[in-house]
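Below are the chains, spelled out letter by letter.
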Amino acid sequence: MIMVGRRPTPAPRAATTAPSTTAAIRVRRLLFLSALAILLTSLFVLHHQTAALVDGSGGGTKDGSSSSGSSSTMYFDAPRVMMDRLEEEFVGAKRKLDSVLAAAGASAGAASGGAASGGGGGGGESGGESTTTQGGGKATSGSAAVSWPERMLPSLPKRPRAAAVAAGGTAQSTSRHHQQHWQQQRRQQQQEGEPKQEEPMINISALPIWQRPYDFAAHYQGRRDIQDQSHSHLSPQHQNHYNRTMRHGEEHGQHGTATWLDLYNTGGVPQHPYDPTGNRSMNILLLYADDWRYDTLGAAGNTIVSTPALDDLSKQGIRFTHNCVTTSVCWVSRVSMFASLYLSRHNTTKPREFYLNWNQTVYDLMQKEGGYHVGHIGKWGVNHPYKQRPDFEVEEDGWHYDTRGGRLWHVTEKNEADALRFLESRPRDKPFFANVAFFATHAVDGDKRQYLVQNKSRTLYEDDVIPDPPNNDLRSYNALPEFFEATNEGRTRWRWRYETPDKQQHMMKNYYRMASEVDSACDLILKELYLQGELDRTLVIFTTDNGNYHAEHGLADKWYPHQESIRVPLIIRDPRMSADVVGTINEELTLNIDLAPTMLAAAGITAPDHMMGRDMAQLYLGTEQAQTPNVASGRYLPHDDATRWRSEFFYEHPIISHKEYIPSSEALVRKDYKYFYWPDYKVEQLFHLAEDPGEDFDLLDTRRDGGGVGNLTDEQLGVLTDMRRRFAELKKVIQRQQKRNVIV
């Protein structure tokens, strides 16, 4: 008979465990859970702690000084230090937990041993191990039974520790393997009753340059004196220019009046010319900002933001007005940049993913094939394989203010200082490639203040009024597809930043202040290049990873295919440029995937066949060397015309979290028209950019008067038909790879 609706009551189990043994088990469990809670809390706090392991140095105070009272504080590469510290704390906590469990096992063993002794013998020892035999079986109590399993230890990358400086200018060993060896030997000696032995000391000069401790406080404060001594032969005019603009706002609380170009025009330092017939390749410097759209430049016609150094770079080079990204989000765009691949090819849909072959990135190719000294300074944005690293690497990401080496830093100031350290420490007998990847002007996600600026910049734009975009209204927001609701992240961040006029003014002024701070950092980096005599044999590129809505369409941030999101600045100063090209603009459609082939070609390295971008130098060198279309790789050209540059490109963006949060989007982009497709909702849009540059009037939107396919003119209908066809064709070529099936 089957009973429905009521579960039969199971028969009570026979008690098989003595009460005292049960109590001991409960004690052990309670101790284990308590210790685990303490451990997890410690790891959480440790994860957010950024103070370096400095012998005798204290934390930074509010004004940026060290509370230790020492005359100088030593800087350490914080990510490596904290990773090592995390592992050490984890292992130490494991050891403490084992001790707690061993003690619990001892008491539990004594209790269970006492209970078992009346039924056949047993015993308990202070060492925490006891056995009870019951019915021929064996039960074990103590640390041997409940010790922490090794599989629960974190699988952390093997990164060298930064050295701690001791008195006399020497440092303790930085090898974690070496340190663990000495820790193990010390424990063994202590168990055997031998005296404690100190770790050996090594000379700092024996360490790789990126592992050495660095005194940024002394470096930063004394840099003027160092430069005066190093370049005392320069003209007084040169010294005056340099001193006035060493740090913007140093004397006037705002940008100085002279830039790197003023310094360059003095001719005080002879420059090494680039010789294309020589054995020395040109240096390559990539200045790579974040969340910075195409018109956040004085050179682009922005009358509010102050970017004199970058404006001068455009005067000395060429500015591309229609440069775009193939996916407008940080981590995807960055991988696409250094791999010259679309998202669908490198498959990095989340920051923690990385399926690419590192050997086929611009970093590794420069290092291995070009013999370059390679550096990365600042934001990676993606968890690349750390066992394969550049010669110089300092990663800073996700913060605006934090403590490093006992000093309070702003992230842009830190990026600048690390770039200067790279330039000073690089070997002089080989060319260098450096990506200075600024975190600014990215907001601090989760912080309601969003943009935290340096103190010296707070008076910038104080009396300016930032214009409100004409399409920052409810009408424009309602013109978006109907699935854009209040939960859409673009709308949520609009409420954070631009919901009221006062909030919009405050946020935009701080955004522009951060842009000016990046400009100032670029200025000092270019001055350092000039002072080293390297400016005339260095390819300098300024660009960014994606654009940014400044309340247009009632949105904030990026992701979607509108112009504000996908168009980014691009300025190139190339030693090979002829005089008639310098100071010009170019209106061709260039992409972030073109950067790697352009830099590789400048280094004399042939781009791998799988790379999907093209060498942009042919647009300003007048070489007229057409690249053959390669449909298999996606290096496509319209109409199979190999003599033309691209006149359109495919855009893609993945869904993030869920479609109500950030829906996936795709587009076919041309200069005159743009076709949108929203795959999650199967919605398409068409905009006539020549007549509607703000993309406010969707020609296919039946909700507005005159909208819908039935109301298109014959010309518009022909455009729609052609763009649908071309969109499907390019999408098939680009998205042919399956997830995690990487072609390189």
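See the structure shown above.
Residues numbered from 1 in each chain as written. Predicted model: local features only at pLDDT ≥ 70, side-chain atom pairs only at ≥ 80, totals over all residues. Heavy atoms only, no water.

(A) Region of the structure containing the pattern of salt bridges. A full pass over the atoms with the stated rule returns 38 salt bridges. Where Asp-312 meets Lys-315, a salt bridge forms, and the shortest distance between an N and an O atom there is 3.3 Å. With Asp-312 and Lys-315 both in helix α9 (residues 308-315) and three residues apart, the pair spans about one turn of that helix. The exposure class of Asp-312 is buried, given its relative accessible area of 9%. One salt bridge connects Asp-447 with Arg-449, and the closest N-O pair in it is separated by 2.9 Å. Judged by its relative accessible area of 17%, Asp-447 is buried. Because the salt bridges share partners, they merge into one network encompassing Asp-291, Asp-445, Glu-489, Arg-493, Arg-497, Asp-557 and Lys-558. (Salt bridge = Lys/Arg side-chain N within 4 Å of Asp/Glu carboxyl O. Helix = DSSP H or I, 4+ residues; strand = E, 2+ residues; numbered from the N terminus. Buried < 20%, exposed > 50% of the residue type's maximum accessible area, 1.4 Å probe, protein only.)

(B) Molecular detail of the packing of α9 against helix α16 (residues 501-531). Taken N-terminus to C-terminus, the directions of α9 and α16 make an angle of 55°; their axes are 7 Å apart at the nearest point. Classified by the interaxial angle, the pair formed by α9 and α16 is oblique. Residues Pro-308, Ala-309, Leu-310 and Leu-313 of α9 form the contact with α16, whose participating residues are Asp-519, Cys-522, Asp-523 and Leu-526. By residue class, the composition of the contact of α9 with α16 is six nonpolar, no polar and two charged. (Axes fitted to C-alpha atoms, helices over the stretch in contact; angles between N-to-C directions. Parallel < 35°, antiparallel > 145°, perpendicular 65-115°, else oblique. Contact = heavy atoms within 4.5 Å. Nonpolar A, V, L, I, M, F, W, Y, C, P; charged D, E, K, R; others polar.)

(C) Examining the nonpolar core more closely. Counting 89 residues, the largest nonpolar core has Phe-338, Met-366, Ile-572 and Met-599 as its most contacted members. Excluding residues that lie within four positions of it along the chain, Met-599 makes contacts with Ile-284, Leu-286, Met-337, Val-362, Met-366, Phe-433 and Ile-541. The next biggest cluster of nonpolar side chains, apart from the first, holds 54 residues, and it includes Trp-292, Leu-313, Ala-440 and Met-514. (Core = buried A, V, L, I, M, F, W, Y, C linked by side-chain atoms within 4.5 Å.)

(D) Geometry of helix α19 (residues 714-734). With 21 residues, α19 should cover 30 Å at 1.5 Å per step; its first-to-last C-alpha distance of 30 Å lies within 8% of that length. Those residues of α19 not exposed but buried are Gln-716, Val-719, Leu-720, Met-723, Arg-726, Phe-727, Leu-730, Val-733 and Ile-734. All buried residues of α19 lie within an arc of 160° about the axis, which places them on one face of the element. Turned more than 90 degrees off the buried face of α19, the exposed positions are Asp-714 and Lys-732. In this structure, the buried residues of α19 make contact with α11 (343-346), β18 (649-653), β19 (665-669), β20 (673-678) and β21 (683-688). (Expected span 1.5 Å × (residues − 1). Arc of directions from axis to C-beta.)

(E) Representation of the pairing of strand β11 (residues 407-410) in the model. Inspection of the sheet shows strand β10 (residues 401-404) paired to β11 by four bridges, in the antiparallel sense. Across the sheet, the residue bridging to Asp-402 is Trp-409, located in β11. Where β10 hands over to β11, the hairpin turn is made up of two residues, of which Gly-405 adopts a positive phi near 60°. (Pairing = 2+ DSSP bridges.)

(F) The packing of aromatic side chains, seen in detail. With the rule as written, the count across this model stands at 24 aromatic pairs. An angle of 75° between the planes, with centres 5.1 Å apart, marks the rings of Phe-484 and Tyr-560 as edge-to-face. One end of the pair, Phe-484, is in the loop between α14 (474-478) and α15 (489-498); the other, Tyr-560, is in the loop between β15 (556-557) and α17 (563-566), with 76 residues separating them in the sequence. Take Phe-484 and Tyr-560: they sit in the same class, and that class is buried. When the centroid spacing of 5.4 Å and the interplanar angle of 85° are considered together, the rings of Phe-484 and Trp-678 count as edge-to-face. Taken together, the positions of Phe-484 in the loop between α14 and α15 and Trp-678 in strand β20 put the pair 194 residues apart, joining distant regions of the chain. What makes Phe-484 buried here is its relative accessible area of 5%. Through a chain of ring-to-ring contacts, three or more aromatic side chains come together here, namely Phe-483, Phe-484, Trp-559, Tyr-560, Phe-676, Trp-678, Tyr-681 and Phe-687. One Lys or Arg, Arg-491, reaches over the ring of Tyr-477 and ends 3.9 Å from the middle of that ring. Geometry around Tyr-294 places Arg-567 over its ring, the cationic atom sitting 3.9 Å from the centre. (Phe/Tyr/Trp six-rings, centres within 6.5 Å; stacked < 30°, edge-to-face > 60°. Lys NZ or Arg CZ within 6 Å of the ring centre and 35° of its normal.)

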